[in-house]
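Here is how the chains run, residue by residue.
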Amino acid sequence: METQLPLEQYRLLVEHAPTMVWRSGRDGLCNYFNATWLRFTGRLLEQELGNGWVSGVHPDDMKHCLEIYLSHFERRRPFEMEYRLRRHDGLYRYIFDRGVPLIDDAGRFTGFIGSCVDVHERRGAERTRATFLALAAHELRTPLTSMQMYLEAVRRQLAQGEPVATGALTRLGAQLERVSSLVQDLEDTVRLDADMPLVLRKEELDLAGLVETVVAHHRDTDTRRARGRQRHAFELSLGSGPWRVLADRQRLEQVVNNLLTNAIKYSPQGGTLRITLTRVGDVFELTISDPGIGIPAADIALLCQRYFRASNISAENFPGLGLGLSLVKDILKAHQGGLRIQSEQGRGTTVTVFLPETPTGDQT
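All values reported here derive from a predicted model rather than from experimental measurement. (Residues numbered from 1 in each chain as written. Predicted model: local features only at pLDDT ≥ 70, side-chain atom pairs only at ≥ 80, totals over all residues. Heavy atoms only, no water.)

J.: Quick question: what am I supposed to make of the overall build of the chain here?
T.: From N to C terminus, the chain includes 10 helices and 12 strands. Across the 364 residues in the chain, those meeting the buried criterion constitute 40%. Accessible area of the chain: about 20600 Å², with a carbon and sulfur share of 53%. (Helix = DSSP H or I, 4+ residues; strand = E, 2+ residues; numbered from the N terminus. Buried < 20%, exposed > 50% of the residue type's maximum accessible area, 1.4 Å probe, protein only. Areas by Shrake-Rupley, 256 points an atom, 1.4 Å probe, with all protein chains shown as cover.)

J.: Explanation requested: helix H8 (residues 249-265) in the structure shown.
T.: Since the α-helix packs 3.6 residues into each turn, any two residues three or four apart lie on the same face. With 17 residues, H8 ought to run about 24 Å at 1.5 Å a step, and its terminal C-alpha atoms sit 24 Å apart, in line with that. Arg-251, Leu-252, Gln-254, Val-255, Val-256, Asn-258, Leu-259, Leu-260, Ala-263 and Ile-264 are the residues of H8 that are buried. The backbone nitrogen of Gln-250 has a side-chain oxygen 3.0 Å away, supplied by the residue at the start of H8, namely Asp-248. (Expected span 1.5 Å × (residues − 1). Polar contact = N/O pair within 3.5 Å; in protein donor to acceptor, adjacent residues only side chain to side chain.)

J.: Got a minute to help me understand the pattern of salt bridges in this structure?
T.: When their charged atoms lie close together, side chains carrying opposite charge are able to pair. Applying the stated rule across the entire model yields 11 salt bridges. A salt bridge links Asp-89 to Arg-87; the nearest nitrogen and oxygen atoms lie 2.7 Å apart. Accessibility expressed as a relative area gives 39% for Asp-89, which makes it partly exposed. In this structure, the salt-bridge partner of Arg-93 is Asp-118, at a minimum N-O distance of 3.0 Å. (Salt bridge = Lys/Arg side-chain N within 4 Å of Asp/Glu carboxyl O.)

J.: How should helix H10 (residues 324-334) be read in this particular structure?
T.: Along H10, the positions that sit buried rather than exposed are Gly-324, Leu-325, Ser-326, Leu-327, Val-328, Ile-331 and Leu-332. Phi turns positive one or two residues past the end of H10, at Gln-336, with a value near 60°.

J.: Which parts of the structure should I look at to understand the sheet that holds strand E11 (residues 338-343)?
T.: Hydrogen bonding along the main chain pairs the strands of a sheet, whether they run parallel or antiparallel. Pairing is mixed across the open sheet formed by five strands, whose spatial order is E7-E9-E10-E12-E11. A single partner strand is all that each edge strand has here, and the edge strands are strand E7 (233-238) and E11. For this sheet the average axis-to-axis angle between neighbouring strands, irrespective of direction, equals 15°. Looking at chain direction, strand E10 (residues 283-290) and strand E12 (residues 349-356) are connected through eight bridges and run antiparallel. If you follow Glu-285 over to E12, its bridge partner there is Phe-354. Along the sheet, H8 contacts E7, strand E9 (272-280), E10 and E12; its crossing angle with E10, the most-contacted strand, is approximately 25°. Here H10 sits on the sheet and contacts E11 and E12; the angle it forms with E11, its principal contact strand, is near 145°. (Pairing = 2+ DSSP bridges. Axes fitted to C-alpha atoms, helices over the stretch in contact; angles between N-to-C directions. Contact = heavy atoms within 4.5 Å.)

J.: How do you make sense of the nonpolar core when you look at a structure like this?
T.: Generally speaking, nonpolar side chains in soluble globular proteins are found buried as a group. Core analysis: the largest hydrophobic core is formed by 37 residues, its most contacted members being Leu-207, Leu-252, Leu-259 and Ile-275. Those elements that provide at least two residues to this core are helix H7 (207-226), strand E8 (244-248), H8, E9, E10, H10 and E12. When residues no more than four places from it in sequence are discounted, the contact partners of Leu-252 are Leu-205, Leu-207, Leu-210, Val-245, Ala-247 and Leu-355. One finds Phe-33, Phe-40, Ile-68 and Tyr-69 within the second-largest nonpolar core, a separate group that totals 22 residues. (Core = buried A, V, L, I, M, F, W, Y, C linked by side-chain atoms within 4.5 Å.)

J.: Help me out: how do you make sense of the packing of H8 against H10 in this one?
T.: Between two packed helices, the angle of one axis relative to the other and the distance separating the axes together describe the packing. Running from amino to carboxyl end, H8 crosses H10 at an angle of 150°, the nearest separation of the two axes being 10 Å. Both H8 and H10 take part in a crossing whose hand is left-handed. Residues Arg-251, Gln-254, Val-255, Asn-258, Leu-259 and Asn-262 of H8 touch H10, and the partners they reach there are Gly-324, Leu-325, Leu-327, Val-328, Ile-331 and Leu-332. Among the residues forming the contact of H8 with H10, the class breakdown is seven nonpolar, four polar and one charged. (Left-handed = near helix turned anticlockwise from the far one by under 90°. Nonpolar A, V, L, I, M, F, W, Y, C, P; charged D, E, K, R; others polar.)

J.: Would you mind showing me how to read the sheet that holds strand E2 (residues 30-33) here?
T.: Strand order in the open sheet formed by five strands is E2-E1-E5-E4-E3, and the pairing between neighbours is antiparallel. Looking along the sheet, the strands with just one partner apiece sit at the ends: E2 and strand E3 (79-86). The sheet shows a mean angle of 25° between the axes of neighbouring strands, direction not considered. Where strand E4 (residues 92-103) and strand E5 (residues 109-118) come together, nine bridges link them in antiparallel fashion. Among the inter-strand pairings, Arg-98 is bridged to a residue of E5, identified as Ser-115. This element, helix H4 (residues 59-75), spans strand E1 (20-24), E3, E4 and E5 of the sheet and lies at about 150° to E3.

J.: So what exactly am I meant to see when it comes to the state of the cysteines here?
T.: The full count for this structure, using the stated rule, is zero disulfides. Cys-116 provides the cysteine sulfur closest to Cys-30, a residue in no disulfide bond, and the two sulfurs are 9.4 Å apart. Judged by relative accessible area, which is 6%, Cys-30 ranks as buried. Residue Cys-116 stays outside any disulfide, its sulfur separated by 8.9 Å from that of Cys-65, the closest cysteine. (Disulfide = S-S within 2.5 Å.)

Structural data, given as structure tokens:
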């Protein structure tokens, strides 16, 4: 048996709904706004009635908003639209407004009723995502274009019976590494954005040996890429071990690789990178210092936010997706570790990684 709520209960439901609700009469003028709308705008009902609500619409959106409303009102057709509405604190927020015609029991048109929700954060996230996707496409296109060029050079040399130049293969390999790193960062970001934990395959590792391996790789890569310019110097200082950690080897290599890549990218040619491993109690501290451009003080606290780029770093001079440090932080958190960033603009940056020592006998 169908039951209906009493009229008073309907009124209370609409009045205190979490969405903003409005209603207009046959003349097109608004004759009702619920309490949620009034709390949002911070205005009295008397101020919003009639066409009063229009004063809260952003001037740049007003013409478009009224055209949609009036054209659909005349045709008595449902509509959907987005526009900026001034909130009680004076800020404009994007809202999604959906209106439908009201028809009484006799089939007569009596006006419109509509509901609105604040979609400002969603629009901001969509804009950020669109920017990020465009940047990701650009970052991937650059090394892929280079790889295609070097591959064509190798093919041409093979077709002509010439020995393949090792330089082309070296540069091809470097660009392949760059693409692989970008794809890894993208995969991890998608996983974390979906609230999926990072998959860790933990084993007992020698942290010092892992650091030495990653540093050696960057030293060799920097040497191959030098081509007439000064190479970076790598000063590695490892205290006495043992340096036992229970961790995912690939993930820790990703951490050290990201931090060294940043240190090299933002340091001048011939600059010295200092990598130090020390112990404080049962915590290992890996410190990577560079003499690079440094970071403005106001930006340091934001560096580990996804997609963030320091204000003194241009995408043209220093390409990147703004994912590296955010992933480093997430990986270290998954290992019960953390990091600290110290920097001064124009005087370099020091990043310290903290990892707990594996207690003797704990290899689970």
